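Architecture at a glance
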Amino acid sequence: MIKRTTEIWKVDPNQPDPAIIAKAAAIIRSGGLVAFPTETVYGLGANALEAEAVAAIYAAKGRPANNPVIVHIAKTTDAAALVKEWPTTAQFLADRFWPGPLTMVLPRSERVSDIITAGGPTIAVRYPDHAVAQALIRAAGVPIAAPSANRSSELSPTRAEHVAKTLNGRIDVILDAGPTQAGIESTVIDLSGPLPRLLRPGPIPPSEIEAIVGHLLRLLPQDESAVLPSPGMLARHYAPRTPVRCCKSKTEVVERDIELTRNGRKTVVLWFGCKHADSDVALGVAMPDNPDRYAEDLYWVLHEMDRYGADQILVELPPDTDEWLAVRDRLKRASSTPGL
Ligand code: TXA
Ligand code: MG
């Protein structure tokens with residue numbers, strides 16, 4: 001990996017300065033690495049048409065070569081050059097959700113480099129809904145390959161500080177446009193097979209996609225026996241450094257907390273909605289009882305809890321319903337609590 005000097009450039013999230021964007025775009029075009037905000041999390045971008053530039057993303061992240069990256073575009077028609085064919089289902093989904101937090105996996109065009117697809121037959125494409133991301137892609141004049149801007153398997157960044165924390169010295173520039181809005185990674189669906197399939201739940205709930213494509217097959221990480229169609233679905237992923245334990249109720253949180261504190265362990269709690277009425281748990285955060293708000297805060301709260309230096313994060317899980325699917329998925333992956 002090349003040692004780099006990482007610069008942080010502040011930009012307005014809605015009207016980024018074209019001069020700053022032009023400088024960042026020139027870095028992308030010359031094979032460099034630029035972290036930039038999207039509406040979900042910060043991405044680590046490189047020129048998707050240049051294999052060496054994409055290889056540098058893998059080196060900076062310590063990402064295994066078998067995990068393909070998403071290619072970002074800023075015009076729906078630009079997807080055509082990346083895929084073998086553009087089905088009507090994809091067009092309908094793009095009309096409804098792009099720009100936005102939906103990633104579509106489709107059979108790849110022969111022109112796409114193997115390193116992006118990890119040698120596989122498909123490519124993931126997405127048109128992000130963020131003025132900075134769009135301006136950067138347009139100014140670069142090339143599609144931008146970008147995984148989340150964190151070291152492999154760690155928490156995704158929702159602020160520029162989170163990117164700097166782990167990638168400082170490994171990338172060229174971080175475009176700092178403040179906190180991202182959706183807070184968790186895009187919904188990923190696979191349109192390459194006979195039936196559309198949900199690969200990663202995200203800000204767009206499955207019901208909204210099903211309204212357009214009909215039934216979505218689901219294959220979430222708890223289905224351990226299944227072959228993983230998407231390497232990023234490994235059970236432990238998106239994890240803070242502090243161990244996380246998921247609990248099914250407030251009572252379970254309190255019981256575990258009592259046991260841990262008795263053994264001299266420092267705990268922090270993510271309550272669902274409100275804290276337990278009469279527990280004396282030292283530090284806890286009452287997370288929102290709305291799934292979008294919860295997702296927006298989740299990684300930021302986990303990043304903060306890592307800074308606090310607790311021995312254990314206890315999480316009261318939100319309800320097991322479809323609207324909480326994406327949040328529960330990220331909490332379970334953060335913890336790999338056995339039996340969940
Ligand atoms: O919101 C997002 O999607 C963010 C922003 C930066 O766009 N990106 C992101 O990228 O989360 P990453 O690399 O951290 O996660 C991409 C996921 C991984 O689980 C990866 O395995 C999967 O998408 N993926 C990428 N290409 C794929 C493909 N061709 N087939 C199946 N899964 C793919
Ligand atoms: Mg990631």
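One structure accompanies this document, and this report is about it. All values reported here derive from a predicted model rather than from experimental measurement. Residue numbers restart at each chain and count upward from 1, following the sequence in its written direction. Chain letters and ligand numbers both follow the written order, the letters beginning at A and the numbers at 1. Residues qualify for local features only when their pLDDT is at least 70, as the model is predicted, and side-chain atom pairs are given and counted only at 80 or more; totals for whole chains, interfaces and linings, by contrast, use all residues. Hydrogen atoms and water are omitted, and side-chain values are computed over all heavy atoms in the structure.

Each pair of strands is called paired provided DSSP finds at least two bridges between the two strands. Runs of E in the DSSP output that reach at least two residues are strands. Runs of H or I that reach at least four are helices, and both are numbered from the N terminus. Spatially, 4 strands are ordered S12-S15-S13-S14 in an open sheet, and the strand pairing comes out parallel. Across the chains shown, the open sheet's two edge strands, defined by having one partner strand only, are strand S12 (244-247) and strand S14 (283-287). Between one strand and the next, the sheet's axes are offset by a mean angle of 20°, whatever the strand orientation. Two residues form a contact once any of their heavy atoms are found within 4.5 Å. Here an axis means a line fitted to C-alpha atoms, over the contact stretch when the element is a helix, while the angle between two N-to-C directions is reported on a 0 to 180 degree scale. Lying on the sheet, helix H9 (residues 291-308) is in contact with strand S13 (267-272), S14 and strand S15 (312-316); it crosses S13 at an angle near 170°. With respect to the sheet, helix H10 (residues 325-335) is in contact with S12 and S15, its orientation differing from that of S12 by roughly 135°.

Throughout, nonpolar core names a set of buried Ala, Val, Leu, Ile, Met, Phe, Trp, Tyr and Cys residues whose side chains join them through atoms within 4.5 Å. Three labels apply to residues, based on accessible area from a 1.4 Å probe with only protein chains included: buried if under 20% of the type maximum, exposed if over 50%, partly exposed otherwise in between. Counting residues in each nonpolar core, the largest one holds 69 residues, and the members touching the most others are Met-104 and Leu-175. Apart from residues no more than four positions distant in its own chain, Met-104 is found in contact with Trp-86, Ala-90, Leu-93, Ala-94, Trp-98, Ile-123, Ala-124, Val-125, Ile-189 and Leu-191. Formed by 26 residues, the second largest nonpolar core is a distinct cluster that contains Cys-246, Phe-272, Leu-302 and Met-305.

Every buried residue of helix H7 (residues 206-213) is accounted for by Pro-206, Ile-209 and Val-213. For H7, the angular spread of buried residues about the axis comes to 65°, placing them on one side. Taken together, the buried residues of H7 touch helix H3 (88-97), strand S5 (102-107), strand S9 (187-190), strand S10 (197-200), strand S11 (217-218) and H10. A positive phi of about 80° marks Gly-214, the residue just after H7. Each C-beta atom gives one direction from the helix axis, and the arc is the one those directions make.

Only the six-membered ring of Trp is used, alongside the rings of Phe and Tyr, when aromatic pairs are assigned; centres must lie within 6.5 Å, and planes under 30 degrees apart are stacked while those over 60 apart are edge-to-face, with the rest tilted. The final tally for this structure, using the stated rule, is 4 aromatic pairs. For the ring pair Tyr-294 and Trp-324, a centre distance of 5.5 Å and an interplane angle of 85° mean the geometry is edge-to-face. Of the two residues, Tyr-294 sits in helix H9 while Trp-324 sits in the loop between S15 and H10, which places them 30 residues apart along the sequence. Overall, the relative accessible area of 0% leaves Tyr-294 in the buried class. According to the relative accessible area criterion, Trp-324 is buried, its value standing at 2%. Through successive ring pairs, a cluster of aromatic residues spans Trp-86, Trp-98 and Tyr-127. Cation over ring: Lys-266 sits above Tyr-308, and NZ or CZ is 4.6 Å from the ring centre. Counted as over-ring charges are cases with an Arg CZ or a Lys NZ within 6 Å of the ring centre that also lie within 35 degrees of the ring normal.

Below, the discussion takes up unusual backbone geometry. Residue Pro-99 is bonded to the preceding Trp-98 through a cis peptide linkage, with omega at -5°. By the element assignment, Pro-99 lies in the loop between H3 and S5. The phi torsion at Ala-118 lies on the positive side, around 55°, for a residue other than glycine. As for its placement among the helices and strands, Ala-118 is situated in the loop between helix H4 (114-117) and strand S6 (122-126). The phi dihedral of Ser-153 is positive, around 70°, even though this residue is not glycine. Judged by relative accessible area, Ser-153 falls into the partly exposed class, the value being 36%.

Another point: H3. If you check which residues of H3 are buried, you get Ala-90, Leu-93, Ala-94 and Phe-97. In an axial view of H3, the angular spread of the buried residues amounts to 100°, which keeps them on one side of the axis. Residues of H3 that are exposed and point over 90 degrees away from its buried face: Thr-88 and Asp-95. Along its buried surface, H3 packs onto S5, S9 and H7.

Before going further, it helps to spend a moment on the site of ligand 1. With respect to spatial proximity, 24 residues lie near ligand 1, and among them Thr-40, Arg-63, Asn-67, His-72 and Ser-186 are the closest. N or O atoms closer than or at 3.5 Å make up a polar contact, with two conditions inside protein: a donor-capable atom paired with an acceptor-capable one, and, for residues adjacent in sequence, both atoms drawn from side chains. Contact between ligand 1 and Thr-40: an oxygen atom at 2.6 Å from a side-chain N or O atom of the residue. Surface exposure here means Shrake-Rupley accessible area, sampled with a 1.4 Å probe, where a residue is shielded only by the protein chains that are shown. Protein burial of ligand 1: of its 680 Å² of free accessible surface, 97% is covered by the chains. Those elements that provide at least two residues to the shell around ligand 1 are strand S4 (70-72), S6 and S10. Sort the elements by how many residues they give to the shell around ligand 1 and S6 lands first, with 4 residues. Residues are counted as near a molecule or strand when any one of their heavy atoms sits within 4 Å of it.

Below, the discussion takes up the environment of Asp-329. Position of Asp-329 relative to the elements: it lies in helix H10. Each C-alpha atom, one on Asp-329 and one on Thr-40, is 16 Å from the other, the two residues being 289 residues apart in sequence. One polar contact links Asp-329 to Arg-330, side chain to side chain, over a distance of 2.6 Å.

Direction vectors running N to C along H9 and H10 enclose 30°, while the axes themselves pass 9 Å from each other. On the basis of the axis angle, H9 is roughly parallel to H10. For H9 against H10, the interelement crossing comes out left-handed. Residues Pro-291, Tyr-294, Ala-295, Leu-298 and Tyr-299 of H9 lie in contact with H10, whose contacting residues are Val-327, Arg-330 and Leu-331. When an angle is under 35 degrees it counts as roughly parallel; over 145 it counts as roughly antiparallel; between 65 and 115 it counts as roughly perpendicular; any other value is oblique. Note: crossing handedness is left-handed where the near helix turns anticlockwise from the far helix by less than a right angle, and right-handed where it turns clockwise.

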